[in-house]
Amino acid sequence: DGGITQSPKYLFRKEGQNVTLSCEQNLNHDAMYWYRQDPGQGLRLIYYSQIVNDFQKGDIAEGYSVSREKKESFPLTVTSAQKNPTAFYLCASHQAGNTDTQYFGPGTRLTVL
Amino acid sequence: AQSVTQLGSHVSVSEGALVLLRCNYSSSVPPYLFWYVQYPNQGLQLLLKYTSAATLVKGINGFEAEFKKSETSFHLTKPSAHMSDAAEYFCAVSAGGTSYGKLTFGQGTILTVHP
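Now for a quick tour of the structure. (Residues numbered from 1 in each chain as written. Chains lettered and ligands numbered in written order. Predicted model: local features only at pLDDT ≥ 70, side-chain atom pairs only at ≥ 80, totals over all residues. Heavy atoms only, no water.)

With that out of the way, let us pick up the overall build of chain A. In terms of regular secondary structure, chain A is built from zero helices and 11 strands. On C-alpha atoms alone, chain A measures out to a radius of gyration of 13 Å, which is about the 13 Å that the 2.2 N^0.38 rule sets for 113 residues. Overall size of chain A, expressed as C-alpha extent along the three principal axes, is 40 × 25 × 25 Å. When the 113 residues of chain A are sorted by exposure, 49% land in the buried category. Of the contacts formed within chain A by residues at least 6 apart in sequence, a portion of 53% connects residues at least 24 apart. Accessible surface, chain A as shown: approximately 5,400 Å² in total, 47% of it carbon and sulfur. Computed over 11 positive and 11 negative side-chain charges, the separation of the two mean positions in chain A equals 8 Å. (Helix = DSSP H or I, 4+ residues; strand = E, 2+ residues; numbered from the N terminus. Rg over C-alpha atoms; globule rule 2.2 N^0.38 Å. Buried < 20%, exposed > 50% of the residue type's maximum accessible area, 1.4 Å probe, protein only. Contact = heavy atoms within 4.5 Å. Areas by Shrake-Rupley, 256 points an atom, 1.4 Å probe, with all protein chains shown as cover. Lys, Arg positive; Asp, Glu negative; His and termini not counted. Charge placed at Lys NZ, Arg CZ, Asp CG, Glu CD.)

All names here are of chain B. Alternating positions in strand β1 (residues 3–7) separate cleanly, Val 4 and Gln 6 being buried on one face and Ser 3, Thr 5 and Leu 7 remaining unburied on the opposite face. Of the strand pairs in this sheet, β1 and strand β3 (residues 19–26) are connected by five bridges, and their pairing is antiparallel. Paired with Ser 3 across the strands is Ser 26, a residue of β3. (Pairing = 2+ DSSP bridges.)

Now for the state of the cysteines. Enumeration according to the criterion identifies two disulfides over all chains in this entry. The disulfide partner of Cys 23 of chain A is Cys 91 of chain A, and the gap between their sulfur atoms is 1.9 Å. Looking down the S-S bond of the Cys 23 of chain A and Cys 91 of chain A bridge, the torsion is -70 degrees, so its handedness is left-handed. Of the two residues, Cys 23 of chain A is situated in strand β3 (residues 19–25) and Cys 91 of chain A in strand β9 (residues 87–94); the sequence distance between them amounts to 68 residues. Each of the two residues, Cys 23 of chain A as well as Cys 91 of chain A, counts as buried. Across the disulfide from Cys 23 of chain B sits Cys 91 of chain B; the S-S distance is 2.0 Å. Of note, the bridge from Cys 23 of chain B to Cys 91 of chain B carries an S-S torsion of about -65 degrees and is left-handed in sense. In this pair, Cys 23 of chain B is assigned in strand β3 and Cys 91 of chain B in strand β9 (residues 87–94), connecting sequence segments 68 residues apart. (Disulfide = S-S within 2.5 Å.)

Spelled out as structure tokens, the structure:
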């Protein structure tokens with residue numbers, strides 16, 4: 001089955017620690033995205049990548065970092081510089097030329113203790 | 001630039017009643033429009049999309065939406081609500097294929113269905 005996987009489902013971290021969220025897709029999609037979701041605020045774009053070894057900041061990139069070394073993988077690191085990291089994080093992918101439709105993973109809920 | 005406004009952060013209906021979730025958009029170019037559904041602690045699932053073909057779009061689970069350019073709207077409807085429709089719904093817009101897949105999302109509307 002093709003799809004997007006995110007791990008772990010739930011993640012807890014202490015203040016001051018960096019943590020990396022995994023996102024893998026086997027859809028052979030070119031572009032991948034990371035969103036942050038907070039209640040009542042919809043989805044806000046953190047970073048996106050349209051091609052391997054290239055990525056762009058979204059609307060709320062401060063305190064986050066990404067890499068795109070492989071087409072199928074787009075990990076997100078939440079650094080200690082992120083002031084309020086507790087949120088639900090969603091990864092998505094999109095195939096160029098496919099009417100902009102994005103497909104989403106199941107999400108990771110990060111809680112800072 | 002694109003933007004989306006979803007009117008009503010919460011909508012409550014009775015089972016069997018009409019569901020109407022409102023979405024208005026702003027776009028400087030002909031848009032693509034999307035409705036996604038999210039169940040608690042899950043990712044988003046595509047319900048339907050408008051990509052400049054038929055203005056009345058049918059999606060999964062009995063939902064449909066009509067693109068009205070004159071009203072800059074893309075409201076989501078379902079004739080008869082099911083308990084299983086209770087979820088959060090997101091409207092999204094893109095710049096019609098010129099934004100390399102980037103979507104702008106509305107704030108979401110939580111649909112509650114009462115027995």
